[in-house]
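# Structure at a glance
The residues making up each chain are set out below.
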Amino acid sequence: MFSDITRQVSCGVLIGFTLCISVTSLAHYLVERRRQGKLEKQTTLRPIELRSDEVLCGVTGLIGNTPLVRINSLSDALGVEILGKAEFLNPGGSVKDRVALRMIEDAERQGLLHPHTGSRIFEGTVGSTGISIATIAKARGYEATIIMPDDVAEEKVKALRSLGAEVQCVRPASIVDKKQYVNMARQAAVRFGEQDISNGSDVVGISHEMITGSPSVVVSTTSSHVRPEGTEVDPQDTELLSKPRGFFADQFENKSNFVAHYEGTGPEIWRQTNGKLDAFVSGAGTGGTIAGTGCYFKSMGDGIRVVLADPEGSGLYNKVKFGVMYDRREAEGTKRRHQVDTIVEGIGINRMTNNIELALPIIDDAFRITDAEAVAMSRYLVQHDGLFLGSSSACNLVACVKLVHQMEWQESRKTIVTVLCDSGNRHYSKVRNDEYLGRAGIPIDPAIIENLAKKSMPGPP
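All chains use their own residue numbering, which begins from 1 and follows the written sequence. Local features in this predicted model are restricted to residues whose pLDDT is 70 or higher, and side-chain atom pairs enter the listing and the counts only when it is 80 or higher, whereas totals over whole chains, interfaces and linings include all residues. In computing side-chain values, all of the structure's heavy atoms are included and hydrogens and water are not.

### Things to note about the sheet that holds strand β9 (residues 245-248)
Spatially, the five strands line up as an open sheet ordered β5-β4-β3-β9-β8, and their pairing is mixed. For this open sheet the edge positions go to β5 (166-170) and β8 (218-221), each flanked by a neighbour on one side alone. Here the strands of the sheet are splayed against their neighbours by 15 degrees on average, with no regard to which way each runs. Pairing analysis gives three bridges linking strand β3 (residues 120-124) to β9, with the strands arranged parallel. Across the sheet, residue Ile-121 finds its bridge partner in β9, namely Phe-247. For this analysis, residues touch if any pair of their heavy atoms sits within 4.5 Å. Interaxial angles span 0 to 180 degrees and are taken between N-to-C directions of axes, which are lines fitted to C-alpha atoms, for helices over the stretch in contact. Where helices and strands are cited, they refer to DSSP runs of H or I of at least four residues and of E of at least two residues respectively, numbered from the N terminus. Against the sheet, helix α4 (residues 128-140) touches β3 and β4 (143-149), its axis set at about 175 degrees to β4. Whether two strands pair comes down to DSSP finding at least two bridges between them.

And the structure:
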């Protein structure tokens, strides 16, 4: 009997041990299967899907929504956050893409321009706006004629011609001169409508200008359905709609320039910084960037400083500081260039424009930037940040550094945003040309920025 009990106990233990091993093995198996399943899900590639919000509509879809890039060398040296809006990443290579697109879109919305009708866009520019217009014109079904001073960097002229634009280079002159490049662009747009495109003959004695609702924007039509007092847009007149038109965009006076930045650049920066910025620094050529972006920031709060970066030879610095649009280099016989006397291209002006008038009330301060400082900064950025930027971008960043010293913001972690207007590939023949700089008497001294970027700077900023 004892042996039966022992046998039964032994069998029970054996059965229990066997069941235990089986259950443990099953549990390990299930855990391993589950782990393998998770790995398979993680390593399985998502099939290629084309979502509507991932596909951009042509080259114009690439314009805007540019990133903010931290300028590491300057930010670390000064203990602040200096951020640049990388506008050189726009398809036309500059901030002017925004302006060109808005001016053309607004003209289309108003019925002043119709694509694929043989119409031509005319503009007077020192280069970047012309390149943007030429790029967008081709994409939208227009031709472009760009009139510019003959002393701009030759890279800009080559780019324009490569984009299929007609380019006219003229001797720089005062805005009161009929042969000034902006005035010539306006005149060319008017003459376009006075020509019979079919046989190339001029139509004399009849005004072909259309009523645009703006004193600056000029539109002419080659249609015969015109009125002496000016022709209004008529969506029912198929002959008027189908004939080629000449459109003078006039970036200096056109409010679309301001709106492009008030509704685009400003809100983008606000989102990218979560509304946490202490200052916005920008140069001004037409005034649209600093006016539109600055006005947007002021509408979001008065605590944000808007600061002008002005190259030497421009009168805007004195206009902001002293209320007078004048620079000492404007004195007779002292200028090296017929236009604003600086190597910096794209910013600086010696006359008021509609867009600058919009900017003046919201500009808190201004800094004069020398050619030597702009040249030094452009080379400093390549050496320390790998950023190959144009002269106006360099000018903006010098002003950022000067602002930090003036406000005593060193080590404050304050956030300063500026515009990186274009890249250095449009400036080989001038800012990046040592021989040209030597002839112009502009020193190449990298130590200028090394000293400026120190945390403490003796003397007045």
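Following the structure, the description resumes.
### As for the packing of aromatic side chains
In this description, a pair of aromatic rings is defined by centroid distance and the angle of the planes. Side-chain rings of Phe, Tyr and Trp, where Trp is taken by its six-membered ring, are said to pair if the distance between their centres is within 6.5 Å; with planes under 30 degrees apart they count as stacked, over 60 as edge-to-face, and otherwise as tilted. For the structure on display, the rule yields seven aromatic pairs. Ring geometry for Phe-258 against Tyr-262: centres 5.7 Å apart, planes inclined by 15 degrees, an arrangement best described as stacked. Of this pair, Phe-258 and Tyr-262 both sit in helix α8 (residues 255-272), separated by four residues, roughly a single helical turn. On the basis of relative accessible area, Tyr-262 is assigned to the partly exposed category, the value being 31%. In this scheme, a residue with accessible area under 20% of its type's maximum is buried, one over 50% is exposed, and one in between is partly exposed, where area comes from a 1.4 Å probe on protein chains only.

### Re the pairing of β5
As defined by bridge partners, β4 adjoins β5 across five bridges and the pair is classed as parallel. Bridge pairing in β5 places Thr-145 opposite Glu-166. Note that the unit made of β4, helix α5 (residues 154-162) and β5 has a crossover that is right-handed. The crossover handedness rule: strands pointing away from the viewer, path from first strand over the helix to second strand clockwise, crossover right-handed.

### Focus: the side chain of Glu-155
Among the structural elements, Glu-155 can be located in helix α5. An unpaired buried charge is present at Glu-155: no salt bridge exists, and Lys-158, the closest side chain of opposite charge, is 6.7 Å distant. If near-sequence neighbours (up to four positions away) are discounted, Glu-155 is found in contact with Asn-425, Arg-426, His-427, Tyr-428 and Ser-429. We count Lys and Arg on the positive side and Asp and Glu on the negative side, and we leave His and both chain ends out. Salt bridges are defined as contacts in which a side-chain nitrogen from Lys or Arg sits within 4 Å of a carboxyl oxygen from Asp or Glu.

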